[in-house]
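# Architecture and fold: a report
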Amino acid sequence: MAFAGEDERNLVVGSFIDTALAGEDKVVVLAGREEITLPTGDRVTVVPLSEHPSQALDPRRPAQVLRTEIDRAQRAGYRGVRIVADLTWTLRTPGGAGLVLDCERHIEEVVGPSTSAIAICQVDRRACRPRELAALKDAHPVTVTADPDFADSVLRIDRTFHPLGLALSGELDAARHAVFGEALSQALARANGSPVHVDMAELKFIDVGALAMLARAADARPRGGPLVLDRMPAPVRSMVEMIGLDRLPGLRLGIPHPDVHGPDP
Amino acid sequence: MRSPSPRPADRLEHDVLVYGGLEEYLAATVPHLREGVEAGEVPLVVVPEPRLSALRDALGADGREATFVDADEFYAHPVRALRDYDRILRLHAPRRLRVVGERNWSDDPLETVEWARYESLVNTLFAASGARVICAYDRDAVRPQVLEHALRTHRRLIDGRSERHNDAYPESDYLEPAGFGADGAWSPPPPDAAHLPFGAMEDLQRVRRFVAARASGHGLDEKRIAALETAVTEAATNALKHGAAPRWVRVWRRPGEFVCEVSDHGRWRPGALAGFTPPVSALERGFGLWTVRLLVDVVRLHAGEDGTSVRLLMRR
């Protein structure tokens, strides 16, 4: 599962855990360095995989932890085990993407044959380069997602929650202006005056009309916040620079695309 | 001889200097820039080397306030140059600009006409800017056609000895250079041009793919292909919105050039200024065509009896 914000993650993971708890399952959370704010207790076990930021993750460790936890849960009489693993933090350590894939392969070896264990591997797609995300998706038989605002074979629009806004992937031209306009005005309404972010990391094409729509939407906001264009791919960015951001009133450039920092490791 | 019309303070002064030799060049440009510095204007020098360095040296301390820009960079693309002047004017407003401009002229006749149009557009677009501009032409280096255009597009002539009203100036704000108009010479596409009909917004993606694949085969790099995809999508969108069926896109190569043409059977008549005016913002009409002009090297419009065509040229 790829997510781009806490609320989106909770939408999927929350219901995954709720189902587990309602069905007398055990929940195991493989956590990174960040604090996990989940109610722990008999039914939920949180296992930190890394105690210290400088400590590199042994790719076999998550699988070892899981094997132990699954055995323990079965001995304790749980019907099943639901596992949530978030290895996003590992992506930014040396050898990141390869390490995550390694970990997940080992996890798959433990979880795959088991009839009682289901795992969701989470990735924060904001920390991922598109190529990494594609490799991770390929490594998993099933991708779990929150329902998009809109999706067809050309364009996908997801709502994002932290930051508030939309994530676009695919290609956006006049054939999809109507659905884009609808999603945009809903995002603006939800934001209620705070800044609205448009994540463009996976956008392959945006036409001039859609950029003008963004500017028009920003201009028409009755109050406050700008529209922030995040993680703009290089071709889109060079078009915006060509036009000049000053001619797109109300639009701001947000965080850069991960690929602008350098090639994939 | 007509006498120069009285000039309100905010009216553009756009003069042509035809010089021979560096001494004559500096004798006209240095006082022009010094006068601007004294008047509190923003001095801007956009000329090629070695005159860029020569002007810097000649101005000495008076040049501290001036911005020196290499002309080969600034004058690489006419619509981008208009965009950049527009940006600089707005950045410094209400202060006026005091400019010396000069570009290296090539032997390409198409390029000559493009830049003649540019000089003409400056008169219209920046008419009320109050900028004082000298465009310099080296009489020993430029071809006669270039000088001819220069005399048609500048109100006053400075020829190194005297300043006078330029009699060749037609007193109309914008003059379409001969042979470059929307109805000017228009050679038909070659019979072997690749051809793709389209009829609905749903086809836009296919139009992009079609053009990108062939542009890539022609050796255009990724960035320029992306720009061309954006431009052709905009042209095809316009054909769908304002044109009439049948519609198609054609691509072909010419030596050193990739051409992509979007045609429909509508009767759109582009105005002379279509897409040349830098819009204040994307909220303005004309933003789309203006962006297309920025994105590709040359845009040519053709409105004929049998329909409308937009030709996008990418040089190699």
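Residues numbered from 1 in each chain as written. Chains lettered and ligands numbered in written order. Predicted model: local features only at pLDDT ≥ 70, side-chain atom pairs only at ≥ 80, totals over all residues. Heavy atoms only, no water.

The name an unreviewed UniProt entry assigns to chain B is Putative anti-sigma regulatory factor, serine/threonine protein kinase, from the organism Thermomonospora curvata.

## Overview of the pattern of salt bridges
Two side chains that carry opposite charge are able to pair once their charged atoms sit near each other. Residue and element names in this part refer to chain B. Within this structure, the stated rule accounts for 35 salt bridges over all chains. For Arg-132, the salt bridge is made with Glu-13, and the minimal N-O distance between the two is 3.6 Å. Note that Arg-132 is positioned in strand E5 (residues 132-138) and Glu-13 in strand E1 (residues 13-19), a separation of 119 residues in sequence. The pair Arg-132 / Glu-13 is uniform in exposure class, with both members buried. (Salt bridge = Lys/Arg side-chain N within 4 Å of Asp/Glu carboxyl O. Helix = DSSP H or I, 4+ residues; strand = E, 2+ residues; numbered from the N terminus. Buried < 20%, exposed > 50% of the residue type's maximum accessible area, 1.4 Å probe, protein only.)

## Re the interface of chain A and chain B
At the interface, 26 residues of chain A touch 30 residues of chain B. Summed over both sides, the interface between chain A and chain B buries roughly 2,200 Å², with carbon and sulfur atoms accounting for 60% of that surface. For chain A, the biggest contributors to the area lost against chain B are Val-208, Met-242 and Arg-247 of chain A; these three give 33% of the whole. The interface formed by chain A and chain B includes 6 salt bridges. One salt bridge in this structure joins Arg-209 of chain B and Glu-171 of chain A, with 2.4 Å as the shortest N-O distance. Where chain A touches chain B, the interface holds 10 residue pairs in polar contact (both at pLDDT 80 or more). Of all the elements in the fold, those that place two or more residues in the side of chain A that touches chain B are strand E9 (196-206), helix H7 (208-219) and helix H8 (234-243) of chain A. Split into classes, the residues belonging to the side of chain A that touches chain B amount to 14 nonpolar, 3 polar and 9 charged. (Contact = heavy atoms within 4.5 Å. Buried area = accessible area lost by both parts, 1.4 Å probe. Polar contact = N/O pair within 3.5 Å; in protein donor to acceptor, adjacent residues only side chain to side chain. Nonpolar A, V, L, I, M, F, W, Y, C, P; charged D, E, K, R; others polar.)

## What to know about the UniProt feature "domain: Histidine kinase/HSP90-like ATPase" (unreviewed entry) in chain B
UniProt's entry tags residues 202-312 of chain B with the feature "domain: Histidine kinase/HSP90-like ATPase" (unreviewed entry), counted in the numbering of this structure. Counting secondary structure, residues 202-312 of chain B comes out at 40% helix and 26% strand; the distance between its end C-alpha atoms is 22 Å. (UniProt positions renumbered as here; feature names shortened; annotations may be inferred.)

## Here's the deal with the nonpolar core
Judged by nonpolar contacts, the single largest core of 105 residues is most densely connected at Phe-180, Ile-206, Leu-214 and Leu-227 of chain A together with Leu-228, Val-249 and Leu-312 of chain B. For this core, the domains that each give at least three residues are domain 1 (8-165) and domain 2 (194-315) of chain B. Contact partners of Val-249 of chain B, with chain neighbours within four places excluded, come to Ala-194, His-195, Leu-196, Phe-198, Val-207, Phe-210, Val-211, Val-232, Cys-260, Glu-261 and Val-262 of chain B. By size, the runner-up hydrophobic cluster in this structure holds 25 residues, among which are Ile-83, Ala-85, Ile-107 and Leu-136 of chain A. (Core = buried A, V, L, I, M, F, W, Y, C linked by side-chain atoms within 4.5 Å. Domains from an automatic or database assignment.)

## Thoughts on the domain arrangement of chain B
Residues and elements named next belong to chain B. Split into domains, chain B comes out as domain 1 (8-165) and domain 2 (194-315). Once you take the C-alpha centre of each, domain 1 and domain 2 turn out to be 32 Å apart. Between domain 1 and domain 2, the contact holds 14 residues from the first and 15 residues from the second. Both faces combined, the contact of domain 1 with domain 2 buries some 1,300 Å², and carbon together with sulfur accounts for 64% of it. Of all residues in domain 1, the largest losses of buried area upon contact with domain 2 belong to Val-79, Leu-110 and Leu-125, amounting jointly to 31% of the total for that side.

## Side note on a negative patch on the surface
A surface patch of negative charge is lined by Glu-49, Asp-70, Asp-72 and Glu-73 of chain B. Position of Glu-49 of chain B among the secondary structure elements: in the loop between strand E2 (42-47) and helix H2 (51-59). (Patch = residues over 30% accessible without salt bridge, like charges linked within 9 Å, V, L, I, M, F, W, Y side chains within 5 Å. Areas by Shrake-Rupley, 256 points an atom, 1.4 Å probe, with all protein chains shown as cover. Lys, Arg positive; Asp, Glu negative; His and termini not counted. Charge placed at Lys NZ, Arg CZ, Asp CG, Glu CD.)

## Some words on the environment of Val-133 of chain B
Residues and elements named next belong to chain B. Summarising the element assignment, Val-133 is placed in strand E5. Taking relative accessible area as the criterion, Val-133 reaches 11% and is therefore assigned buried. Taking the C-alpha atoms as reference points, Val-133 and His-154, 21 residues apart in sequence, are found 9.9 Å from one another. Beyond its immediate chain neighbours, meaning those up to four positions away, Val-133 contacts Leu-12, Glu-13, His-14, Asp-15, His-32 and Val-99.

## A few points about the UniProt feature "domain: MEDS" (unreviewed entry) in chain B
UniProt's feature table lists "domain: MEDS" (unreviewed entry) at residues 14-155 of chain B, given in the numbering used throughout. For residues 14-155 of chain B, the end-to-end C-alpha separation is 6 Å, with 51% helix and 20% strand making up the annotated structure.

## Thoughts on the environment of Thr-308 of chain B
All names here are of chain B. In this fold, Thr-308 is placed in strand E12 (residues 307-315). On the accessibility criterion, Thr-308 (5% relative accessible area) is buried. With 113 residues separating them in the primary sequence, Thr-308 and His-195 have C-alpha atoms 16 Å apart. Not counting chain neighbours up to four residues away, the residues in contact with Thr-308 comprise Val-262, Ser-263, Asp-264, Gly-266, Arg-267, Trp-268, His-302 and Ala-303. Side-chain polar atoms of Thr-308 contact the backbone oxygen of Gly-266, separated by 3.0 Å.

## Comments concerning the sheet that holds strand E6 (residues 156-158) of chain B
Residues and elements named next belong to chain B. Read from one edge to the other, the open sheet built from 7 strands follows the order E3-E2-E4-E5-E1-E6-E7, with strand pairing classed as mixed. Two strands lie at the open edges of the sheet, namely strand E3 (67-70) and strand E7 (163-165), each paired on one side alone. Neighbouring strand axes in the sheet, compared pairwise and without regard to direction, differ in orientation by 20° on average. For strand E4 (residues 97-101) and E5, the ladder comprises 4 bridges, and the chain directions are parallel. Across the sheet, the residue bridging to Val-100 is Ile-134, located in E5. In the packing of helix H6 (residues 144-153) onto the sheet, contacts are made with E1, E5 and E6, and the angle to E1 comes to roughly 150°. (Pairing = 2+ DSSP bridges. Axes fitted to C-alpha atoms, helices over the stretch in contact; angles between N-to-C directions.)

## Regarding the sheet that holds strand E6 (residues 150-151) of chain A
Adjacent strands of a sheet form backbone hydrogen bonds with each other and so pair up, either parallel or antiparallel. Residue and element names in this part refer to chain A. The strand order across the open sheet formed by 6 strands is E6-E7-E8-E9-E10-E11, and the pairing between neighbours is mixed. One side of each edge strand has no neighbouring strand; the edge strands of this open sheet are E6 and strand E11 (251-253). Two strands pair when backbone bridges link them, and strand E8 (residues 165-172) and E9 are joined in this way by 7 bridges, in the parallel orientation. Residue Leu-166 lies in a different strand from E9, and its bridge partner there is Val-198. Relative to the sheet, H7 contacts E8, E9, strand E10 (227-230) and E11, its axis offset from that of E9 by approximately 175°.

## Considering the confidence of the model for chain B
All names here are of chain B. For chain B, the average pLDDT comes to 89, and 93% of its residues sit at 70 or higher. When mean pLDDT is compared element by element in chain B, E4 scores highest at 98, while E7 scores lowest at 78. Scored below 50 in pLDDT, residues 179-183 shows 17 contacts in the model against residues more than four places distant or in partner chains. Predicted complex metrics record ipTM = 0.87 and pTM = 0.74. (pLDDT = per-residue confidence, 0-100.)

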